[in-house]
Amino acid sequence: MAIQRANTAMQPPRFPSPAGTTSRAEPAVYRVDIPLLPESAAGNALQLIDLLRSANLLAGLRLGAQAPRLAWRLLDAEGLPLPQLPGPLAAYGANPTQSDDPEANRAPAQALFIPSFHAPDIPAIRAVAGRYGALSRQLGIAVDAGCKLVTVGNGAWLAAHSGRLNGCQASLPWFYIAGFERDFPGIGLSLGQDVSDDGPWLSGALPHSVNLLAIALVRHAMGPELAAACESVMAPDHQRARAALQANAQQHIPATRDSTLARAIAFMEAHLDQPYALARLAEAASVSTRTLLRHFQQELSQSPLDYLHGLRCARARVMLEVTLESVPSIAVACGYADPAAFRRIFARYTGMAPAEYRKRHALRAPRRRWRVEVAAR
């Protein structure tokens, strides 16, 4: 996977500053910085990001909008943010909390993740670690600032070169143990363990340990309860799988019931073209109007009417793209008796007037050209 370096004119390295420069002891956002080298096994980093994203999803399901969050940045060897990755990989280069919490991007990272890197033998590993002495020094500064170093496999060489990990225990694959012990006699090795969590160093022996590293990061960032919840879905558990199959076969696991929000949204989707009435919507959701408003605000950060406008504009976009109905007709089909009100709301939600949207996105030929090609045959 080829990764281009960011322009050196970008902001200076964003590794943690020395201890004492920040007052955020336990921030709501726990950020993991991930330096990627040309030799890095980028799949380790992408796997970790997927697991952090899953942890955020689980935390949100448990605690709602107040849940703590994990964030990440991909960096080059000098600590400069990498540019957006191409195509479907773009999401991995983005910090999902930037737009919600700008402080997450300005505050120091709480952990740095060093993937393993591609090297055929221990001399090649030593050569890679030697090429990135500046990165190893930055890792030492990060440890001094209270940052957690997280490594997979031979990424341990870079971390050990920081000079801050003597006396710590590390997990390594068996085939690296002899060489690593000769290079770093002051570091202990946790034999027979996939993961070692010792002070500032969290290390995994092999790529399959990345999920265990993610669970350990959740424990540090979000606490033991959320870590236990993540472990139940991220770590293999064959006994639970068998128990779930048996319980399902005996019909002991019922289908999930609809929530208040699900009932309200289903009603709105079925009655998009009808006038909005909060009391009627609350009745369909089997709650009071006050409870319905609270649920929408807490879980979706908007009112039921705002959500309904979004649904109606989604229908309007489809109709503008694939039909030749007039704008007033589309307004009525989407629940707006006043075309002018529809135009204002549509512009607010899409950034352009209905006519302009149709001009840019229409998937139908103009009426004057209908079936011309067929008739000419």
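Everything that follows concerns the structure shown earlier in this document.
Residues numbered from 1 in each chain as written. Predicted model: local features only at pLDDT ≥ 70, side-chain atom pairs only at ≥ 80, totals over all residues. Heavy atoms only, no water.

1. Brief notes about the overall build of the protein chain
Link 1 in the chain: Secondary structure summary: the protein chain contains 17 helices and eight strands in total.
Link 2 in the chain: Looking at the protein chain residue by residue over its 377 residues, the buried ones come to 44%.
Link 3 in the chain: Contacts spanning at least 24 positions in sequence make up 66% of the contacts within the protein chain whose residues lie at least 6 apart.
Link 4 in the chain: When the accessible area of the protein chain is evaluated, it comes to approximately 20100 Å², of which 53% is carbon and sulfur surface. (Helix = DSSP H or I, 4+ residues; strand = E, 2+ residues; numbered from the N terminus. Buried < 20%, exposed > 50% of the residue type's maximum accessible area, 1.4 Å probe, protein only. Contact = heavy atoms within 4.5 Å. Areas by Shrake-Rupley, 256 points an atom, 1.4 Å probe, with all protein chains shown as cover.)

2. Some details on the pairing of strand 1 (residues 29-35)
Link 1 in the chain: Across the seven residues that make up strand 1, a large majority, seven, are buried.
Link 2 in the chain: Sheet topology places strand 1 next to strand 2 (residues 69-75); seven bridges connect them, and they run parallel. If you follow V32 over to strand 2, its bridge partner there is W72.
Link 3 in the chain: Handedness of the strand 1-helix 1 (residues 42-63)-strand 2 crossover: right-handed. (Pairing = 2+ DSSP bridges. Right-handed = clockwise from strand over helix to strand, strands pointing away.)

3. Notes on helix 1
Link 1 in the chain: Relative to the 32 Å expected for 22 residues at 1.5 Å per residue, helix 1 spans 31 Å between its end C-alpha atoms, a close match to the ideal helical length.
Link 2 in the chain: Every buried residue of helix 1 is accounted for by A42, N44, A45, L46, L48, I49, L51, L52, A55, N56, L58 and A59. (Expected span 1.5 Å × (residues − 1).)

4. Concerning the packing of helix 11 (residues 278-285) against helix 12 (residues 289-300)
Link 1 in the chain: Look at helix 11 against helix 12: their axes get within 9 Å of each other, and the N-to-C directions meet at 85 degrees. By the angle class used here, helix 11 and helix 12 are roughly perpendicular. Here L278, A279, L281, A282 and A285 of helix 11 come into contact with helix 12, specifically with T289, L292 and L293.
Link 2 in the chain: Of the residues belonging to the contact of helix 11 with helix 12, the class tally is seven nonpolar, one polar and no charged. (Axes fitted to C-alpha atoms, helices over the stretch in contact; angles between N-to-C directions. Parallel < 35°, antiparallel > 145°, perpendicular 65-115°, else oblique. Nonpolar A, V, L, I, M, F, W, Y, C, P; charged D, E, K, R; others polar.)

5. Comments concerning a nonpolar patch on the surface
Link 1 in the chain: There is a patch of nonpolar side chains on the surface, built from W174, F175 and L206 and spanning about 370 Å² of accessible area.
Link 2 in the chain: Within the fold, L206 resides in the loop between strand 8 (201-204) and helix 7 (210-222). (Patch = residues over 30% accessible without salt bridge, like charges linked within 9 Å, V, L, I, M, F, W, Y side chains within 5 Å. Salt bridge = Lys/Arg side-chain N within 4 Å of Asp/Glu carboxyl O.)

6. Points about the environment of P35
Link 1 in the chain: Here P35 is to be found in strand 1.
Link 2 in the chain: By relative accessible area, which is 2% here, P35 ends up buried.

7. Topic: the packing of aromatic side chains
Link 1 in the chain: For the structure on display, the rule yields nine aromatic pairs.
Link 2 in the chain: Note on F175 and Y176: the rings are 4.8 Å apart at their centroids and 75 degrees apart in plane angle, and the pair reads as edge-to-face.
Link 3 in the chain: Classification of F175 by relative accessible area gives partly exposed; the value is 43%.
Link 4 in the chain: Put simply, the rings of W157, W174, F175, Y176, F180 and F184 touch in pairs and so form one group of aromatic residues.
Link 5 in the chain: The ring of Y336 has R312 lying over it, and the distance from NZ or CZ to the ring centre is 4.9 Å. (Phe/Tyr/Trp six-rings, centres within 6.5 Å; stacked < 30°, edge-to-face > 60°. Lys NZ or Arg CZ within 6 Å of the ring centre and 35° of its normal.)

8. A look at helix 4 (residues 133-144)
Link 1 in the chain: In a regular helix each residue adds 1.5 Å, so twelve residues correspond to 16 Å; helix 4 covers 17 Å between its end C-alpha atoms and thus fits that length.
Link 2 in the chain: Those residues of helix 4 that fall on the buried side of the exposure criterion are L135, S136, L139, G140, A142 and V143. One face of helix 4 carries all of its buried residues, which in axial projection span an arc of 160 degrees.
Link 3 in the chain: Packing partners of the buried residues in helix 4 comprise strand 1, strand 3 (111-114), strand 4 (148-152) and helix 5 (156-160).
Link 4 in the chain: Two residues or fewer after helix 4 comes G146, characterised by a positive phi angle close to 90 degrees. (Arc of directions from axis to C-beta.)

9. Re the packing of helix 1 against helix 8 (residues 224-234)
Link 1 in the chain: With their axes 10 Å apart at the nearest point, helix 1 and helix 8 run at an angle of 120 degrees to one another. Here helix 8 runs oblique to helix 1, going by the angle between their axes. Along this stretch, helix 1 crosses helix 8, giving a crossing that reads as right-handed. Between helix 1 and helix 8, the contacting residues are L51, S54, A55, L58, A59, R62 and L63 on the first element and L226, A229, C230, V233 and M234 on the second.
Link 2 in the chain: Classifying every residue of the contact of helix 1 with helix 8 by side-chain character gives ten nonpolar, one polar and one charged. (Left-handed = near helix turned anticlockwise from the far one by under 90°.)

10. Description of the sheet that holds strand 2
Link 1 in the chain: As summarised here, the arrangement of the six strands in space is 2-1-3-4-8-7, forming an open sheet in which the pairing is mixed. Edge positions in the sheet fall to strand 2 and strand 7 (195-198), since each of these pairs with one other strand and no more. Geometrically, the sheet is characterised by an average inter-axis angle of 15 degrees between neighbouring strands, direction not taken into account.
Link 2 in the chain: Contacts from helix 4 reach strand 1, strand 3 and strand 4 within the one sheet, and its direction differs from that of strand 3 by about 150 degrees.
Link 3 in the chain: Sheet contacts for helix 7: strand 1, strand 2, strand 3, strand 4, strand 7 and strand 8; angle to strand 4, the most-contacted strand, approximately 170 degrees.

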